[in-house]
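Understanding the architecture of this molecule
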Amino acid sequence: MMTKTRKLILYSAAAALLAVAVFCALGYILLQDHYSKTFPYGTWINGVYCTGLSVERVNLLLCQQEYDVSVTITDDEGNEYVLDCNAFVTGIDYTESIKEVRNQTHTGAVFSQTSYTVNPLVTLDEEAFSEWLPTVSPFSEIDEKYDNKVTLEYTEDGYVLSDTGLEILDTDRACEMILAAVQTGAKSVSLVETDCYTAEGYTSNDKILLNIYNQIEEYTQSHQVTLSADEGEYVLTGVQVQSFLATDEEKIPLLNKDGTIYCDTEKVEAYVSALASETSTRNNSWEFVTHSGETIEVEKGNYGRVMENESELVKELTEALNAQSCDETLTLEYTYYPSGAVDNDYGRAISETYIEVSISEQHCYMYQGDELIWESDCVTGDVAKGRDTPKGVYYIEYKQQGRTLRGADYTTYVYYWMHFYDGCGFHDAYWKTVFGGTEYLTNGSHGCVNLPSAKAKELYALVTSGMTVIVY
């Protein structure tokens with residue numbers, strides 16, 4: 001059995017432990033109560049040691065620190081401006097932000113070190129601040145920067161819209177956002193992110209230009225035209241489609257009575273005419289390498305192709321462009337002279353076998369590829385009488401054995417006739433005894449290429465309809 005002395009010792013120990021527990025609990029409660037009004041150990045705010053200090057005391061200490069009331073604003077172009085607002089400050093108070101820090105602290109962190117950074121609430125002379133703000137950049141440049149809000153210009157890349165109407169700075173909104181930032185201690189404000197730009201303020205002309213540009217964009221996307229030719233297809237670009245629009249003197253598209261843009265028939269006609277001239281090769285000049293290796297430019301002639309459906313193409317293209325939308329393939333139709341020219345680079349390349357006539361040399365050459373297969377002296381049109389043989393690139397339209405040639409002052413029978421252009425051709429001149437040299441200057445032909453009888457016979461046997469003739 002336990003002795004009385006032992007029991008007494010146990011009771012005493014239990015009482016002592018209970019007293020210690022009560023003391024610790026009471027200490028914890030007292031410590032918690034103390035730190036509920038002050039900051040716990042290891043608390044730093046803006047570089048101030050706050051342990052054991054009240055919110056009011058910390059606020060007093062922080063307000064004694066120097067605080068720079070300035071804010072950096074960024075405009076829509078990324079430019080930054082620093083506004084010094086210190087002159088308008090009427091008061092600084094950290095109380096609310098200090099209380100937020102106090103609410104975050106707890107006695108469980110009594111022995112830890114924690115640092116906080118807080119911003120004050122700043123009070124300003126709002127009336128003076130609002131009067132001052134519009135006088136500094138970027139607000140002071142607004143009127144100069146946005147004189148013309150909307151412009152529409154036709155360039156080599158098509159229509160370009162300049163719309164600064166969407167970038168007009170709302171000064172009232174900007175002042176409100178900057179004031180709010182300063183009051184809460186924020187150091188930067190993006191005028192774009194805070195929605196300080198407005199589209200308000202468009203003039204009636206601005207709205208018209210915006211409407212026209214939107215129509216141009218839709219028109220360009222909805223009108224697809226392809227021109228099909230023998231050698232391939234030409235797809236009209238967006239810039240080309242826009243170039244057909246009817247415009248005023250400043251190249252601003254005109255509007256129909258229903259308020260829509262439309263194409264100008266005269267512009268379509270001009271385009272088709274230019275296209276016909278560019279892609280037609282008949283009557284164009286030619287670059288030619290002569291028998292001597294010299295490269296020359298030969299004047300126009302009747303060899304090549306000609307667009308035959310210009311008027312129809314103008315009508316079809318105009319109808320397509322004036323439709324609400326289109327996806328058309330229009331055909332370019334050509335007639336080839338001779339018809340076989342279609343096999344020779346669409347009327348641009350001379351035939352493999354061709355005849356070359358040098359007026360200055362008074363000599364003819366026939367080549368088959370690079371091989372000279374026939375040649376002869378000749379007599380061309382009489383220079384003194386203004387009957388020069390026409391220069392150009394032609395082709396043998398037909399040949400005939402035995403033909404009577406007639407003119408205003410002559411009637412002549414020839415045995416071999418090879419016509420190439422407007423009554424001119426190769427033929428025998430059995431009545432002549434001199435060929436080549438300077439005979440053509442005063443005793444030449446009426447425009448034909450005269451040949452010795454034997455040479456004319458040889459040539460007649462070699463030529464075929466459609467063969468190229470180059471006269472230079």
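Residues numbered from 1 in each chain as written. Predicted model: local features only at pLDDT ≥ 70, side-chain atom pairs only at ≥ 80, totals over all residues. Heavy atoms only, no water.

1. Focus: the packing of helix α9 (residues 265-279) against helix α10 (residues 310-322)
What counts, and what does not: Helix axes are fitted only over the stretch in contact, all axes being lines through C-alpha atoms; the angle between N-to-C directions runs from 0 to 180 degrees. Numbering of helices and strands runs from the N terminus; a helix is a DSSP stretch of H or I covering at least four residues, while a strand is a stretch of E covering at least two. Throughout this description, any angle smaller than 35 degrees is read as roughly parallel, any larger than 145 degrees as roughly antiparallel, any in the 65 to 115 degree range as roughly perpendicular, and the remainder as oblique. Working rule for handedness: look at the near helix, and if it is turned counterclockwise from the far one by less than a right angle, call the crossing left-handed; if clockwise, right-handed. Residues are treated as being in contact if the distance between any of their heavy atoms lies within 4.5 Å. Any residue outside Ala, Val, Leu, Ile, Met, Phe, Trp, Tyr, Cys, Pro, Asp, Glu, Lys and Arg is labelled polar, Gly included; the first ten of those are nonpolar and the last four are charged.
Relative orientation of the contacting elements α9 and α10 amounts to 135°, with a least axis distance of 9 Å. It follows that α9 is oblique to α10 by the angle criterion. Where α9 crosses over α10, the two elements pack in a sense that is right-handed. Note on element contacts: α10 touches α9 through E310, L313, V314, L317, T318 and L321, opposite T265, V268, E269, Y271, V272, S273 and A276. Looking at the contact of α9 with α10 residue by residue, the class counts come to 8 nonpolar, 3 polar and 2 charged.

2. Things to note about the packing of helix α2 (residues 55-63) against helix α3 (residues 95-104)
The N-to-C vectors of α2 and α3 enclose an angle of 130°; their axes lie 10 Å apart at closest approach. Comparing their axes, α3 and α2 come out oblique. Between α2 and α3 lies a crossing whose hand is right-handed. Across from V55, V58, N59 and L62 in α2, the residues of α3 making contact are T95, I98, K99 and R102. When the residues that make up the contact of α2 with α3 are grouped by side-chain class, the tally is 4 nonpolar, 2 polar and 2 charged.

3. A closer look at the sheet that holds strand β25 (residues 410-421)
We apply this condition: Only strands that DSSP links by at least two bridges are regarded as paired with each other.
The strand order across the open sheet built from 4 strands is β24-β25-β26-β27, with neighbouring strands paired in mixed fashion. At either end of the open sheet lies a strand with only one pairing partner, and these are β24 (398-407) and β27 (449-451). Shown here is a sheet whose adjacent strand axes are inclined to one another by a mean of 40°, direction ignored. Here helix α12 (residues 453-462) sits on the sheet in contact with β24, β25, β26 (424-428) and β27, set at roughly 40° to β25.

4. Section: the nonpolar core
How we decide: Take the buried Ala, Val, Leu, Ile, Met, Phe, Trp, Tyr and Cys residues and link them wherever side-chain atoms come within 4.5 Å; each set so joined is a nonpolar core. Burial classes follow relative accessibility: with a 1.4 Å probe on protein chains only, a residue under 20% of its type's maximum area counts as buried, one over 50% as exposed, and anything between as partly exposed.
Residues L227, L317 and L321 are the most contacted members of the largest nonpolar core, which totals 49 residues. The element that contributes the greatest number of residues to this core is helix α7 (residues 204-222), accounting for 6 residues. Residues contacting L321, with those up to four places away along its chain left out, are Y219, H223, V225, V241, F244, C263 and V268.

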